[in-house]
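So the chains spell out like this:
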Amino acid sequence: MSVRPLIALHPTRARLFAAGVPAALLALLLSPFTVPASADDTPARGSARMGMGVAAHDGSSPASAGPRAGQTEGVDVASYQGDVAWPTLWDGGVRWAYTKATEGTYYTNPYFSAQYGGSLGAGMIRGAYHFATPDTSGGATQADYFVDHGGGWSGDGVTLPGVLDIEWNPYGDDCYGKTPSAMVTWIRDFLDRYRSRTGRDAVVYTATSWWNTCTGSHTGFGKTNPLWVARYASAVGDLPAGWSSYTMWQYTSTGPTVGDHDRFNGSVDQLKSFARN
């Protein structure tokens, strides 16, 4: 009986075959090997975005899909949304937008120009936000980086004041390894530098539970800095310490077209006035 020649084997496979390894075990050993996914699911630096930790820490409940009387619909976007269908959002009633510009002092959004300009081109009033990483550099340093990379402000009526996005750390300790006192100092340094660079007080975006935990319920910014509160629900709920009202509310991460939808606590005319001064 003739014997068909064996297909050439890798040396390791040939040794296993010659040693009489059982066929079933040999098949297992020769099957493609995939390295298991790392247990550490920490996202890559630069990938953080507004509201990234809200649902995980505060939960999420169904939000009202319809507009609220006296409030104006908005959205916030970052690089993960890529090319945004701005005309579609406009047709759906969205009148303002914020785009992530920077993170720390090591990241700028590669889609920033297209997203920032695209929202304006669709007729929206727009602004920029900075994702804070207080564990990587000082507050004033990050404010400078933000202003230098798209986060400035002008009273042209179509540019909203810059936003400090200060929330759970997606890369490590929730409070970035800072005590409440140190966190308040960092935030103050950022806000003071932004004011000195632009002549405008920055908006503070945060969630009530994060703020009260990581700043020790600090009340010192409510009189100067507008609040953008994050709460994925049908009601805004309790506000962070120091604020008695909110200017903007991020109410869902599952809205149409881009996910993150927001409401300005006023009419379109009031929104235009807020942009100017």
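Preceding this paragraph is the structure being described.
Just so you know, these numbers come straight off a predicted model, no measurement behind them.

Caption draft 1: Structural view of the pattern of salt bridges. Inspection of every chain in the model, using the stated rule, returns seven salt bridges. For Lys-100, the salt bridge identified is with Glu-103, shortest N-O distance 2.7 Å. Overall, the relative accessible area of 0% leaves Glu-103 in the buried class.

Caption draft 2: Region of interest: helix H5 (residues 112–121). Here H5 has its buried residues at Phe-112, Gln-115, Tyr-116 and Ser-119. One face of H5 carries all of its buried residues, which in axial projection span an arc of 95°. In H5, those exposed residues whose orientation departs by more than 90 degrees from the buried face are Ser-113 and Gly-121. Those residues of H5 that are buried lie in contact with strand E1 (72–77), helix H4 (86–91), strand E2 (96–103), strand E4 (125–131) and helix H6 (139–151). Count one or two residues on from H5 and you reach Gly-123, which has phi positive near 105°.

Caption draft 3: Representation of the packing of aromatic side chains in the model. Scanning the entire structure with this criterion turns up 14 aromatic pairs. Centroid distance Trp-186 to Phe-190: 5.9 Å. Interplanar angle 20°. Geometry classified as stacked. Residue Trp-186 and its partner Phe-190 are located together in helix H7 (residues 180–198), separated by four residues, close to a single helical turn. When its relative accessible area of 0% is taken as the criterion, Phe-190 is described as buried. Taking 6.5 Å as the distance between ring centres and 55° as the angle between the ring planes, the aromatic pair formed by Trp-210 and Trp-211 counts as tilted.

Caption draft 4: Spotlight on the pairing of strand E9 (residues 259–264). E9 sits mainly inside the fold: six of its six residues count as buried. Both E1 and E9 contribute to a ladder of four bridges, which runs antiparallel. Residue pairing for E9: Gly-74 is matched across the bridge by Asp-262. Of the pairings in the sheet, the one linking strand E8 (residues 248–255) to E9 comprises five bridges and is antiparallel in character. What sits directly across from Gly-255, in E9, is Gly-259.

Caption draft 5: Highlighting H6. Compared with an ideal rise of 1.5 Å per residue, which puts 13 residues at 18 Å, H6 spans 14 Å between its outermost C-alpha atoms and falls more than 12% short. Three or more residues of H6 are buried, namely Gly-139, Gln-142, Ala-143, Asp-144, Tyr-145, Phe-146, Val-147 and Gly-151. Buried residues along H6 sit in contact with E2, strand E3 (107–108), E4, strand E5 (163–165) and H7.

Caption draft 6: Highlighting the state of the cysteines. Taken as a whole and assessed by the stated rule, the structure comprises one disulfide. Here Cys-175 connects covalently by a disulfide to Cys-214, the sulfurs 1.9 Å from one another. Here the S-S torsion is close to -70°, and the disulfide linking Cys-175 with Cys-214 is therefore left-handed. Of the two residues, Cys-175 sits in the loop between E5 and H7 while Cys-214 sits in helix H8 (residues 208–214), which places them 39 residues apart along the sequence. Residue Cys-175 is classed as buried on the basis of its relative accessible area of 13%. By relative accessible area, which is 2% here, Cys-214 ends up buried.

Caption draft 7: Structural view of the environment of Ser-154. By the secondary structure assignment, Ser-154 is in the loop between H6 and E5. Ser-154 sits 45 residues away from Gly-199 along the chain, and the two C-alpha atoms are 8.8 Å apart. The residues contacting Ser-154, other than those within four sequence positions of it, are Thr-159 and Ala-275.

Caption draft 8: How the structure looks around the nonpolar core. If you look at the biggest cluster of nonpolar residues, it comprises 58 residues, and the most contacted ones within it are Tyr-98, Ile-166, Ile-187, Trp-210, Trp-211 and Trp-228. In terms of residues, this core owes the most to one element, H7, which gives seven residues. Among the nonpolar cores identified, the runner-up in size contains ten residues, and Val-77, Trp-86, Val-94 and Ala-97 belong to it.

Caption draft 9: Representation of the packing of H6 against H7 within the structure. As a packed pair, H6 and H7 sit with axes 7 Å apart at the nearest point and diverge in direction by 40°. The angle between H6 and H7 places the two elements in the oblique class. For the element pair H6 and H7, the recorded crossing hand is right-handed. Counting all contacts with H6, which are made through Gly-139, Ala-140, Gln-142, Ala-143, Asp-144, Phe-146, Val-147, Asp-148 and Gly-151, the residues of H7 involved are Trp-186, Asp-189, Phe-190, Arg-193, Tyr-194, Arg-197 and Thr-198. Residues of the contact of H6 with H7, tallied by class, amount to seven nonpolar, four polar and five charged.

What counts, and where the lines are drawn
Position numbers for residues start from 1 in each chain and track the written sequence from start to end. It should be noted that, the model being predicted, local features are given only for residues of pLDDT at least 70 and side-chain atom pairs only at 80 or more, the latter also being counted only at that level, while totals for whole chains, interfaces and linings use all residues. Based on all heavy atoms of the structure, the side-chain values leave hydrogens and waters out of the count. Salt bridge, as used here: a side-chain nitrogen of Lys or Arg that lies within 4 Å of a carboxyl oxygen of Asp or Glu. In this scheme, a residue with accessible area under 20% of its type's maximum is buried, one over 50% is exposed, and one in between is partly exposed, where area comes from a 1.4 Å probe on protein chains only. Think of it this way: any DSSP run of H or I at least four residues long counts as a helix, any run of E at least two long counts as a strand, and we number them from the N terminus. When we speak of the arc, we mean the arc of directions from the helix axis to the C-beta atoms. Note on contacts: a residue pair qualifies if any of its non-hydrogen atoms lie within 4.5 Å across the two residues. Two rings from Phe, Tyr or Trp (for Trp, the six-membered ring) form a pair when their centres are within 6.5 Å of each other. A pair whose planes differ by under 30 degrees is stacked, one over 60 is edge-to-face, and the rest are tilted. In this analysis, strands are considered paired if DSSP registers two or more bridges between them. Multiply 1.5 Å by the residue count of a helix minus one, and that product is the helix's expected span. Two cysteine sulfurs form what is called a disulfide whenever their separation falls within 2.5 Å. For the purposes of this section, nonpolar cores are sets of buried Ala, Val, Leu, Ile, Met, Phe, Trp, Tyr and Cys residues that join through side-chain atoms within 4.5 Å. Axis lines are fitted through C-alpha atoms, for helices just across the contact stretch, and the angle between N-to-C directions can take any value from 0 to 180 degrees. When an angle is under 35 degrees it counts as roughly parallel; over 145 it counts as roughly antiparallel; between 65 and 115 it counts as roughly perpendicular; any other value is oblique. Handedness of a helix crossing follows the sense of rotation of the near helix relative to the far helix, less than a right angle counterclockwise being left-handed and clockwise being right-handed. Classification used: nonpolar for Ala, Val, Leu, Ile, Met, Phe, Trp, Tyr, Cys and Pro, charged for Asp, Glu, Lys and Arg, polar for all others including Gly.

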